[in-house]
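Notes for the structure review
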Amino acid sequence: MAVLSSVSSLLPFSYGAKRLTSKASLASRTSGFNLSSRWHSTRSAPRLYLSRAVTNNSGTTEISENETAPRTYTWPDNKRPRVCILGGGFGGLYTALRLESLVWPDDKKPQVVLVDQSERFVFKPMLYELLSGEVDVWEIAPRFSDLLTNTGIQFLRDRVKTLLPCDHLGVNGSESSVTGGTVLLESGFKIEYDWLVLALGAESKLDVVPGAMELAFPFNTLEDAIRVNKKLSKLERKNFKDGSAIKVAVVGCGYAGVELAATISERLQDRGIVQSINVSKDILTSAPNGNREAAMKVLTSRKVQLLLGYLVQSIKRSDSEEDEGYLLELQPAERGLESQIIEADIVLWTVGSKPVLTKLEPSGPNVLPLNARGQAETDETLRVKGHPRIFALGDSSSLRDSNGKLLPTTAQVAFQEADFTGWNIWAAINNRPLLPFRFQNLGEMMTLGRYDAAISPSFIEGLTLEGPIGHAARKLAYLIRLPTDEHRFKVGISWFAKSAVDSIALLQSNLTKVLSGS
């Protein structure tokens, strides 16, 4: 679920040469090869190139990239446990940091390698603030290399292709296998591990409606947010020239859809028309009443048009040669409604997601047990059933609560699961009992604009913090949840400075109004 920056700060960052952390770079040099990765295009999968290196009196010298290079990752220490974490979101990164923070016997502290397809960790609940201009990219999407500089965690940028687990040999909790298994990356690179953490997350599900895959804008990643901001900026320039209203269609009225509609309607004001489409006759069907009521109040005040009880049948390009817009065919999901077609200059898709685990290539007879959604079946300690050396969390896990209900795939759940996963890996390595995961619902938060939010804490029943108070509380809560102390300090200083500038500007504006009125 869902804080001043210029438009230029939202431009795509330069990918350049991909970096490991300083310690990872050192490890790769001592193991006889150098690593660097490149993008062929912004949409293509990353490829990790390896080049042989020889050491002479002058240090390490690279030989041609075209030579045959080692394909197996070499861990710096052959004796200490090897932990491979796939995915650098809330689940993966925070598990790695948890492992780093625990106290270990000298010979048992694990070596940790973190694999992610992006060079940045993304604090997804605050992606909306990129559209409102409240935050800069570096604040909510720091590079892994910066976050992990003072740790022993190594970072590799690549995509996962196949899992080859060996721990199925030790079912019923036995750990008799020599190694946990092997991870094959799309670059052809192989990583042997003793313990594996699956935290690959999920991606937007756009293949359910004709035209959505090609024409709709998802809002799930940093790249998605940058693309949406660019499109809105383009439409704003067009509006400035000809005065045409900007028509925005938001599909879905869950938290993501409502937060997007509130943020964009505030940004466009009277220059745009925001229409939110939902299959249910209500918004935020699973949210606390206080959050739902606060959201309805804000959407109504900003004249967001709610098309409730409708399914999107298809999305097509407009027939007009001069118009670059789209046509959405809506079918009623409730009785008493009629089909209709609406026009939009941009379509934002917030409905549905699919775990990345489903995209991995089959690994033979020892595949992981997945549920119908494509999540790994886990026991209460977050270990994958039948695979005692593999843990899964976040969108990759199908853990259920005490009532048998699947836990929501939210940042709050993943954050708590990471803490338990790190501890349980410690316990498994040190032959201690593993702890069963127990989710503690701390409440729900959502942004409703630059100075507006809604928070319903679970520890005070019926309480909802709204408006500027809710906004400040939400911002403080997320500041505390940022990954490292150093990053929290830098972002805290930045947000404090921006708030001071905003306060001075507001004071000057009020004084000007008073003086002009007198």
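Residues numbered from 1 in each chain as written. Predicted model: local features only at pLDDT ≥ 70, side-chain atom pairs only at ≥ 80, totals over all residues. Heavy atoms only, no water.

Focus: the overall build of the protein
- Assigned secondary structure in the protein consists of twelve helices and 25 strands.
- Burial statistics for the protein: of 518 residues in total, 51% are counted as buried. (Helix = DSSP H or I, 4+ residues; strand = E, 2+ residues; numbered from the N terminus. Buried < 20%, exposed > 50% of the residue type's maximum accessible area, 1.4 Å probe, protein only.)

Section: the layout of surface pockets
- If you add up the space inside the second largest pocket, you get close to 560 Å³.
- Secondary-structure elements contributing two or more residues to the lining of the second largest pocket are helix H2 (90-101), helix H5 (144-147), helix H10 (411-429), helix H11 (467-481) and helix H12 (485-517).
- When residues in the lining of the second largest pocket are grouped by element, the largest group, five residues, is from H2.
- Per-class residue counts for the lining of the second largest pocket are eleven nonpolar, six polar and ten charged. (1 Å grid on protein atoms, 1.4 Å probe; cavity = no way out; pocket = protein on both sides within 12 Å on 5 of 7 lines; lining within 4 Å. Points joined across faces, edges and corners; volume = space filled by probe spheres on them. Nonpolar A, V, L, I, M, F, W, Y, C, P; charged D, E, K, R; others polar.)

Observations regarding the side chain of Thr 381
- Its place among the elements puts Thr 381 in the loop between strand E20 (353-355) and strand E21 (383-384).
- With relative accessibility at 10%, the residue Thr 381 sits in the buried group.

Looking at the packing of helix H7 (residues 222-242) against helix H8 (residues 255-268)
- In contact at an axis separation of 12 Å, H7 and H8 are set at 30° when each is read in the N-to-C sense. As summarised for this structure, H7 and H8 are arranged roughly parallel, according to the angle between their axes. Seen from above, H7 lies across H8 with right-handed handedness. Within the contact between the two elements, H7 uses Asn 229, Leu 232, Ser 233 and Glu 236 and H8 uses Ile 264, Arg 267 and Leu 268.
- Along the lines of polarity and charge, the residues of the contact of H7 with H8 split into three nonpolar, two polar and two charged. (Axes fitted to C-alpha atoms, helices over the stretch in contact; angles between N-to-C directions. Parallel < 35°, antiparallel > 145°, perpendicular 65-115°, else oblique. Left-handed = near helix turned anticlockwise from the far one by under 90°. Contact = heavy atoms within 4.5 Å.)

Some words on the sheet that holds strand E24 (residues 452-457)
- A sheet is described by the order of its strands in space; here three strands give the open sequence E23-E24-E25, paired in antiparallel fashion. Two strands close off the open sheet at either side, each with one partner strand: strand E23 (443-449) and strand E25 (465-466).
- Alignment of E23 against E24, held across six bridges, turns out to be antiparallel. Bridge assignment links Thr 447 to a residue of E24, and that residue is Ala 453.
- Taken strand by strand, H11 contacts E23, E24 and E25, and its axis lies near 70° from that of E24. (Pairing = 2+ DSSP bridges.)

Some remarks on the packing of aromatic side chains
- This structure, assessed with the given rule, holds 13 aromatic pairs.
- It is Lys 475 that lies over the ring of Trp 495; its NZ or CZ is 5.3 Å from the centre.
- For the cation-ring pair, Arg 481 lies above Phe 415, with the distance from its terminal atom to the ring centre recorded as 4.1 Å. (Phe/Tyr/Trp six-rings, centres within 6.5 Å; stacked < 30°, edge-to-face > 60°. Lys NZ or Arg CZ within 6 Å of the ring centre and 35° of its normal.)

Things to note about helix H9 (residues 289-301)
- For H9, which comprises 13 residues, the first-to-last C-alpha distance of 18 Å matches the rise-based estimate of 18 Å (1.5 Å per residue) to within 8%.
- Those residues of H9 that sit buried are Gly 290, Asn 291, Arg 292, Ala 294, Ala 295, Val 298 and Leu 299. (Expected span 1.5 Å × (residues − 1).)

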